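Take a look at the letters that make up each chain.
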Amino acid sequence: MYYVVYSIGPDGLRISPPHSQNAAGCVLFFGDSLTFGEGVGDEQTMPYRVGVKSAGRQRVYNFAFHGYGPHQMLAQLEQGVVRRTIACRPRHAIYQAIVPHIARAAGRTFWDKNGPRYRIAPDGKIVFSGHFNDTPAAALIDVLRLRDMRIYLRLFGDQRPYSSADIELFLGIVQRSRDVFRQQYPHAEFHVLLWHYGSDQDYDKVVHGLRARQLDVRAVDEIL
């Protein structure tokens, strides 16, 4: 099943299909392994298929990677990674979201210790505040190897139920990503493609929260 090749282009992204020299625009994809295409060949990823269906009229950029969350998307936009990488005026950005991205944005996964950390400022704004492993508490957790313990994962890791603060942080990061994208590329559209798994207890809260922030949310359940 996983006997596949991941081809990474000179821009550091997974390759996309060829596009015409007079392409009308481009589409940016953000997300995790679902978007990156874990377990599937280069030509089978969702961004690649979109490029193929556009018949080369749209250039495609796949900014996703294994284990990413919305905080990587926001960092890519805020810190100029997207602007330095693309060679076009994007017309659309598509972020594929899953409910477990809530835990990732809160820094509760064991694989993203150096990920970008965001917090909600007193004025309600989402602000960058370093990395998850910048704090003394994070250093102590690493020294004691607490992330290797099941009880830690249940009490403090990604297995812990999401708090209202966790959900608000996730929603705020996605909204901030939309706002930064629109500031950088006026008239472009930002879409959220939301997946639903049976164990997602907070799915409805995520859907309502995103739509309350006037985000364009497309539920995969409704599409299928």
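Look above for the structure.
Residues numbered from 1 in each chain as written. Predicted model: local features only at pLDDT ≥ 70, side-chain atom pairs only at ≥ 80, totals over all residues. Heavy atoms only, no water.

## Thoughts on the sheet that holds strand S7 (residues 216–219)
Next up, step 1: Read from one edge to the other, the open sheet built from 5 strands follows the order S2-S1-S3-S6-S7, with strand pairing classed as parallel. Each edge of the open sheet carries a strand with a single partner, namely strand S2 (58–62) and S7. Sheet twist, expressed as the mean angle between neighbouring strand axes with direction ignored, is 20°.
Next up, step 2: In this fold helix H2 (residues 46–53) packs onto strand S1 (25–30), S2, strand S3 (90–97) and strand S6 (189–194), with an angle of close to 175° to the strand it touches most, S2.
Next up, step 3: Packed onto the sheet, helix H3 (residues 70–78) meets S1, S3 and S6 and runs at close to 140° relative to S1. (Pairing = 2+ DSSP bridges. Helix = DSSP H or I, 4+ residues; strand = E, 2+ residues; numbered from the N terminus. Axes fitted to C-alpha atoms, helices over the stretch in contact; angles between N-to-C directions. Contact = heavy atoms within 4.5 Å.)

## Observations concerning unusual backbone geometry
Next up, step 1: A positive phi angle, near 60°, is found at Ala55, a position not held by glycine.
Next up, step 2: Counting through the fold element by element, Ala55 comes out in the loop between H2 and S2.
Next up, step 3: A positive phi angle, near 75°, is found at His187, a position not held by glycine.
Next up, step 4: Looking at the secondary structure, you find His187 in the loop between helix H8 (164–184) and S6.

## Points about helix H9 (residues 203–212)
Next up, step 1: Those residues of H9 that fall on the buried side of the exposure criterion are Tyr203, Val206, Val207, Gly209 and Leu210.
Next up, step 2: Contacts from the buried residues of H9 go to helix H5 (101–105), H8, S6 and S7.
Next up, step 3: Immediately beyond the C-terminal end of H9, within one or two residues, lies Gln214, with a positive phi of roughly 60°. (Buried < 20%, exposed > 50% of the residue type's maximum accessible area, 1.4 Å probe, protein only.)

## Let's talk about the pairing of S7
Next up, step 1: Residues of S7 alternate between two faces, with Val217 and Ala219 buried on one and Asp216 and Arg218 left unburied on the opposite face.
Next up, step 2: Alignment of S6 against S7, held across 4 bridges, turns out to be parallel. Note on S7: the bridge partner recorded for His191 is Asp216.
Next up, step 3: What joins S6 to S7 is H9, and the crossover it makes is right-handed. (Right-handed = clockwise from strand over helix to strand, strands pointing away.)

## Structural notes on the state of the cysteines
Next up, step 1: All chains considered together, the criterion is met by 1 disulfide.
Next up, step 2: With its sulfur 2.0 Å from that of its partner, Cys26 forms a disulfide with Cys88. Its S-S torsion of approximately 80° makes the covalent link between Cys26 and Cys88 right-handed. With Cys26 in strand S1 and Cys88 in the loop between helix H4 (81–85) and S3, this pair connects stretches of sequence that are 62 residues apart.
Next up, step 3: Residue class for Cys26 comes out buried when judged on its relative accessible area of 0%. (Disulfide = S-S within 2.5 Å.)

## Points about the pairing of strand S5 (residues 126–131)
Note on strand geometry: in a regular strand, side chains alternate between the two faces of the sheet.
Next up, step 1: Where strand S4 (residues 116–120) meets S5, 4 bridges bridge the pair, whose relative direction is antiparallel. Bridge pairing in S5 places Pro116 opposite His131.
Next up, step 2: As consecutive antiparallel partners, S4 and S5 are separated by 5 residues, and within that stretch Gly124 has a phi angle of approximately 90°, a positive value.

## Side note on the pattern of salt bridges
Next up, step 1: Taken as a whole, this structure holds 9 salt bridges when the rule is applied.
Next up, step 2: Measuring nitrogen to oxygen at the nearest pair gives 2.9 Å for the salt bridge that ties Asp42 to Arg14. Of the two residues, Asp42 sits in the loop between helix H1 (33–36) and H2 while Arg14 sits in the segment before S1, which places them 28 residues apart along the sequence.
Next up, step 3: What makes Arg14 buried here is its relative accessible area of 2%.
Next up, step 4: Of the charged contacts, one joins Arg178 and Asp179 as a salt bridge, the two residues approaching to 2.7 Å between their closest N and O atoms.
Next up, step 5: Assessed through its relative accessible area of 6%, Arg178 is described here as buried.
Next up, step 6: Residue Asp179 is classed as partly exposed on the basis of its relative accessible area of 26%. (Salt bridge = Lys/Arg side-chain N within 4 Å of Asp/Glu carboxyl O.)

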